[in-house]
Amino acid sequence: MTERVAAPGLRRLPPYWHEYKTRAKTRWYGRQILEVFTTEFRDRTREYYIWAIHQGLCTVNGHSVQPTYILQNNDFLVNRVHKHEPAVTNAPVRILFRDDAMGRIVVVKPGSIPVHATGRYHHHTLVEMVKQQAQLSNLYTSNRLDRLTSGIMVCSTTKEAACELGNDFNAGLVNKAYVCRVAGRFPDGIIDCREPILSVDRQSGLNIVHPKGKECRTLFQCLSYDPTADSSVLVCRPITGRTHQIRVHAQWLGHPISNDPLYHHPVWSTVDRDILATAQPRHYERVGGGSGNVEVERVLTALKGTRDDAEGWSRWRDQEFFGALNRQLGYEDVPVPGPNGQRTPPPPPGEDMPPGTATCDTCYIPLLPDPAPQDMYIYLHAIKYWTDTWVFEDELPWWARSSAKASASLPPLALIAHHTGDDALGLVQLQHLGLELLLVVLVPVLQGLHLRRDGAQLRHRLELPLRDREERLEQDPHRQPLPEGLDVLLVVPVQDGPVAAGCVAHVARTVAVFP
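Description of the structure in this document. Owing to the predicted nature of the structure, the values given are computational and were not obtained by experimental measurement.

What counts, and where the lines are drawn
- Residues numbered from 1 in each chain as written.
- Predicted model: local features only at pLDDT ≥ 70, side-chain atom pairs only at ≥ 80, totals over all residues.
- Heavy atoms only, no water.
- Salt bridge = Lys/Arg side-chain N within 4 Å of Asp/Glu carboxyl O.
- Helix = DSSP H or I, 4+ residues; strand = E, 2+ residues; numbered from the N terminus.
- Buried < 20%, exposed > 50% of the residue type's maximum accessible area, 1.4 Å probe, protein only.
- Pairing = 2+ DSSP bridges.
- Disulfide = S-S within 2.5 Å.
- Polar contact = N/O pair within 3.5 Å; in protein donor to acceptor, adjacent residues only side chain to side chain.
- Contact = heavy atoms within 4.5 Å.

### Regarding the pattern of salt bridges
- This structure, assessed with the given rule, holds 20 salt bridges.
- Here aspartate 333 ties to arginine 46 by a salt bridge, and the two come within 2.7 Å at their closest N and O atoms. Residue aspartate 333 is located in the loop between helix H8 (314–329) and strand E18 (380–386), and its partner arginine 46 is located in helix H2 (residues 46–54); the two are separated by 287 residues in the primary sequence.
- Given a relative accessible area of 52%, aspartate 333 falls into the exposed group.
- By relative accessible area, which is 7% here, arginine 46 ends up buried.
- We note a salt bridge from aspartate 100 to arginine 98, for which the minimum N-O separation is 2.9 Å.
- With a relative accessible area of 37%, arginine 98 lands in the partly exposed category.
- Each of Arg46, Glu47, Glu320, Asp333 and Arg343 takes part in a single network of salt bridges with overlapping partners.

Laid out in structure tokens, this is it:
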């Protein structure tokens, strides 16, 4: 691995060559290689990919092809790139807890660092940094945080520990609390947002509230209000775990995170929500990669323009340089359908290029200016993770404190209390069924059936709609007689045979569910 170069406030890497290798995905079959690269790998422009394909940097099955080559089943693609990883913060990754015998390590991720290798980031990731800092050969994550989000990550150092923790996350046993700073004065009390959200763009991960989106629930409670800045600090409890969930729900409630470049962009104030709601799920997977919705495309265009401005108009410079080079070399200007194939608008008249906007001598990529400190994070911090058997909590970040002398501890709130067998707010639930159940004491009731005593599988989310539950139960060949005191029993066949269930005390209706 290349050596890291430290700089004041930033961590940088020298450029290096890297090969991305993959089999053609099903959605790529029958599509031109140029269109797929332009649509799905948008860090570079269409003009660059025309040049790179002709130069043999993008190959199929070990051979150079033309930009118009049609991808087929089992094609093996290699994209060789000269990587220039963006600078990230050089703040150390804090370690809250480490137990090698348990195979567990809990860290606090700074903003600006992605969890895994993605896009332009390969070495500048939380996984690689923790492995180096803690001298670990392996690090496994069971969840992720957005690149700009900071906070707690509960990780594993062995496959066995990772499997156990992953089961707990999948079963809904791991509770999460975040703090964020939002625009405006947030209402008092607990605000329960249950709007479904839909992904409308693959690269940016942009999500919107949409009637055809995935079920989603977030609870918010205001901690403080700053009239000078007209902003509020909130505690957030996401019940589901969708991409950008807190950010999208906060925006929907009229209080976007104050410095969120995606969801607090001025373009959102002009969006027609009725037109936005007509966006079709997974439309971006089609040829051209467009959303098929005029309002979504208008938002994406505005977001791309702002990003290009912040990065020294690098995309426009990339387009102009390789467009001229391709004409000089006689390469055909192959069009690509959809918004991603359209030309990037030039800088506004009178806009000066920022200093340091040179071009790499090896790959001709426009070099990016260093990110401004305020652009390396958003006001969203994962502050607490807990189950019935463990809890990890971080301090309030500086932007969430009312003053420099204020306490850094998270105040005690029922919304995020660490319960051991009690849940006064009734937040533990079977989320996909929407059942508001108080799950208190797990008791094995069926002798000879596999049942974990810690109940890690009890709160598994189901896709069974509530209205069809009774009918499906009647038709289930694995249905067992109900033990005394158990009102409802759901049994789902698994690899090792039917695994059935426990019951819960102190509730009028009890449900036991296993995958």
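### Details of the pairing of strand E8 (residues 94–99)
- Direction of pairing for E8 relative to strand E9 (residues 104–109): antiparallel, over a ladder of 5 bridges. Its bridge partner lying in E9, aspartate 99 is registered against arginine 104.
- Hairpin remark: E8 followed by E9, antiparallel, with 4 residues in the connecting loop; positive phi at glycine 103, about 75°.

### Things to note about the state of the cysteines
- According to the stated counting rule, one finds 0 disulfides in the structure shown.
- Cysteine 193 takes part in no disulfide bond, and the closest cysteine sulfur, belonging to cysteine 216, lies 7.4 Å away.
- With no disulfide of its own, cysteine 363 lies 3.8 Å from the sulfur of cysteine 360, the closest cysteine sulfur.
- Judged by its relative accessible area of 6%, cysteine 363 is buried.

### A closer look at the side chain of serine 112
- Here serine 112 lies in the loop between E9 and helix H3 (126–133).
- Exposure remark for serine 112: the relative accessible area of 2% places this residue in the buried category.
- A polar contact of 3.1 Å, which involves the side chain of serine 112, links it to the backbone nitrogen of threonine 89.
- The contacts of serine 112, once residues within four sequence positions are left out, are Val88, Thr89, Tyr121, Arg147, Leu148 and Met376.

That is the geometry; function is a separate question.
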